Amino acid sequence: MSQDPTKKGLEFLEWLDRFGGVKRRWLVKSDEPTDPKYGCVPSERPIDEAIRKGMLVIDKPPGPTSHEVVAWIKRMFNVEKAGHGGTLEPSSL
Amino acid sequence: MLPVALASSTKLIGLVMHSVKEYIALMELHREVPRERVEEVLRKFVGKIYQRPPLRSSVKRTLRVREVYEIEILEMEGRHVLFRVRCQSGTYIRKICHDAGLILGVEAHMRELRRIATAHFREEHAVRLQEVSEALYIWRELGDESFLRKILFPAEVIVAYLPKVVVKDGAVDAIAHGAQLAVPGIARLHEGIAKGDLVAIFTLKGELVALGRAQMSSEEIMSSERGIAVAPTRVFMEPGRYPRMWRRKKQGEKS
């Protein structure tokens, strides 16, 4: 890791905009840098934090329900909770 | 295609649950019908439609309105129709197939369904459970986290579609404690935010701090020196990450 964290942070935000399909322009209110002593660019979080503040997009097989898939993921990652952003249908069919 | 949030991200994932969905469906007609006729009937489902959730569903079975944005036939072979549909969350594709069968007068049912997008998450972002399991194994047993990093997205991507407000380091901890965001704490912001819009508050490093309702428009924020700009509705960042630049009111002190 090197470089200016402000530059990296703003690049990350632009990447997020592209990911989310946001095409708005940025307005600068105050051109202030960020202090590298605190926090961290999301893409560079230590792995444990990257998991706890992370999400996955699962290619769900047709059999199990979304709830079952979430339960497996929870166990695999050994996290106390997990949730999905699908619909509330009991099965995909 | 299922977005799954881990631990702290869980509180954000509800945001995409009620968003636009896109599916590929396979409909089986009970008798052959010319393609033009099927196209004509499926086109009728674009726009606002009435739907009563089917028998096997997890919601109350009352008539409701759902919006279908696009339907496109991809392939047709005999009695099989493969189509892509983009619709509001809670639209039953099974029901569309059934209803299309009724209009066509031949009856039909849904054979297969695959979700290809939820909000801004698409099939191309998806990984198989096997890949997740392998990445975890390589990290835990071989000490190599690179595969795991490749399949994990930071929670920030969940709110990527929202308009954003970026705050100065000195304002971060107060918001992490639930305080309102005042104009002097803002470093930059998206244009076109209207009062009342849901916005995501970020640090200059791109970390999500909180979600909130805009109390001022982008123009008002740019032309003001003070006042409350955003009222947080959901805090994501844990307190204490950034230095505390704010003061608790002393006992007996009036606001």
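Residues numbered from 1 in each chain as written. Chains lettered and ligands numbered in written order. Predicted model: local features only at pLDDT ≥ 70, side-chain atom pairs only at ≥ 80, totals over all residues. Heavy atoms only, no water.

A.B. asks: Explain the domain arrangement of chain A to me, and be specific about the residues and the numbers.
C.D. replies: Domains assigned within chain A are domain 1 (1-44) and domain 2 (45-93). Measuring from the centre of the C-alpha atoms in domain 1 of chain A to the corresponding centre in domain 2 of chain A gives 28 Å. (Domains from an automatic or database assignment.)

A.B. asks: Outline the nonpolar core, supporting the account with residue identities and numerical values.
C.D. replies: Ranked by size, the top nonpolar core spans 30 residues in total, and within it Met-55 of chain A together with Leu-12, Phe-121, Ile-158, Val-159, Phe-202 and Leu-208 of chain B carry the most contacts. Where this core is concerned, the elements lending two or more residues are α1 (5-20) and β2 (54-58) of chain A together with α1 (10-17), β12 (198-203) and β13 (208-214) of chain B. Top element by residues in this core is α1 of chain A. It accounts for five residues. The residues touching Phe-202 of chain B, leaving out its near neighbours within four places in the chain, are Leu-13 and Leu-16 of chain A together with Glu-156, Val-159, Lys-164, Val-165, Val-166, Val-167, Glu-207, Leu-208 and Val-209 of chain B. Residues Tyr-23, Val-41, Val-85 and Ile-96 of chain B belong to the second largest nonpolar core, which totals 27 residues. (Core = buried A, V, L, I, M, F, W, Y, C linked by side-chain atoms within 4.5 Å. Buried < 20%, exposed > 50% of the residue type's maximum accessible area, 1.4 Å probe, protein only. Helix = DSSP H or I, 4+ residues; strand = E, 2+ residues; numbered from the N terminus. Contact = heavy atoms within 4.5 Å.)

A.B. asks: Account for the environment of Trp-72 of chain A, naming residues and giving values.
C.D. replies: The residue Trp-72 of chain A is located in helix α3 (residues 66-77) in this model. As a C-alpha pair, Trp-72 of chain A and Ala-82 of chain A span 10 residues in sequence and 9.8 Å in three-dimensional space. Look past the residues within four positions of Trp-72 of chain A in its chain and what remains in contact with it is Pro-64 of chain A together with Leu-129 of chain B.

A.B. asks: Hey, could you go over the sheet that holds strand β1 (residues 26-28) of chain A for me, with residue numbers and the actual values?
C.D. replies: The sheet built from seven strands is open, its strands ordered β1(A)-β11(B)-β9(B)-β12(B)-β13(B)-β14(B)-β10(B) with mixed pairing. Of all strands in the sheet, those bounded by a partner on one side alone are β1 of chain A together with β10 (181-182) of chain B. Relative to strand β11 (residues 186-190) of chain B, strand β9 (residues 164-167) of chain B runs antiparallel, the two sharing three bridges. For Val-165 of chain B, the partnering residue across the bridge sits in β11 of chain B and is Leu-189 of chain B. Contacts from α1 of chain B reach β12, β13 and β14 (228-235) of chain B, with the element oriented near 45° to β13 of chain B. (Pairing = 2+ DSSP bridges. Axes fitted to C-alpha atoms, helices over the stretch in contact; angles between N-to-C directions.)

A.B. asks: Tell me what's going on with the packing of aromatic side chains, and back it up with residues and numbers.
C.D. replies: All chains considered together, the criterion is met by five aromatic pairs over all chains. The interplanar angle of 50° and the centroid separation of 5.4 Å between the aromatic rings of Trp-15 of chain A and Phe-19 of chain A together place this pair among those described as tilted. Of this pair, Trp-15 of chain A and Phe-19 of chain A are both found in helix α1, four residues apart, which corresponds to roughly one turn of the helix. Relative accessible area serves as the criterion here: at 32%, Trp-15 of chain A is assigned to the partly exposed category. By the ring-pair criterion, three or more aromatic residues cluster together here, those being Phe-12, Trp-15 and Phe-19 of chain A together with Phe-121 and Phe-153 of chain B. Residue placement shows Lys-150 of chain B over the ring face of Phe-147 of chain B; its charged tip is 5.2 Å from the ring centre. (Phe/Tyr/Trp six-rings, centres within 6.5 Å; stacked < 30°, edge-to-face > 60°. Lys NZ or Arg CZ within 6 Å of the ring centre and 35° of its normal.)

A.B. asks: Describe the pattern of salt bridges, naming the residues involved and giving the relevant values.
C.D. replies: Residues and elements named next belong to chain B. In the structure shown here, the tally under the stated rule is 25 salt bridges over all chains. The closest approach of N and O atoms between Glu-124 and Arg-122, which form a salt bridge, is 3.8 Å. Looking at Glu-124, the relative accessible area reads 61%, which means it is exposed. Exposure remark for Arg-122: the relative accessible area of 27% places this residue in the partly exposed category. Here Arg-241 and Glu-238 are joined by a salt bridge, their closest N and O atoms 2.9 Å apart. The exposure class assigned to Arg-241 is partly exposed, which follows from its relative accessible area of 25%. Assessed through its relative accessible area of 31%, Glu-238 is described here as partly exposed. Through salt bridges with shared partners, a single ionic network connects Glu-22, Glu-70, Glu-72, Arg-84, Arg-86, Arg-122 and Glu-124. (Salt bridge = Lys/Arg side-chain N within 4 Å of Asp/Glu carboxyl O.)

A.B. asks: Could you give an account of the interface of chain A and chain B, with specific residues and numbers?
C.D. replies: With 71 residues of chain A in contact, the opposing surface of chain B contributes 86 residues. The junction of chain A with chain B conceals about 7300 Å² of combined surface from both sides, 63% of it contributed by carbon and sulfur atoms. Residue Glu-238 of chain B pairs with Lys-53 of chain A through a salt bridge whose shortest N-O separation is 3.0 Å. Taken together, chain A and chain B are joined by 36 residue pairs in polar contact (both at pLDDT 80 or more). (Buried area = accessible area lost by both parts, 1.4 Å probe. Polar contact = N/O pair within 3.5 Å; in protein donor to acceptor, adjacent residues only side chain to side chain.)

A.B. asks: A description of the sheet that holds strand β1 (residues 2-6) of chain B should follow, citing residues and the corresponding values.
C.D. replies: Strand pairing in a sheet takes place through backbone hydrogen bonds and is either antiparallel or parallel in direction. Strand order across the open sheet formed by four strands is β3(A)-β1(B)-β2(A)-β8(B), with antiparallel pairing between neighbours. Here the strands that pair on one side only, and so sit at the sheet edges, are β3 (82-84) of chain A together with β8 (153-154) of chain B. Here β2 of chain A runs beside β1 of chain B; their pairing, made up of four bridges, is antiparallel. Pairing of Leu-56 of chain A across the sheet is with Val-4 of chain B, part of β1 of chain B.

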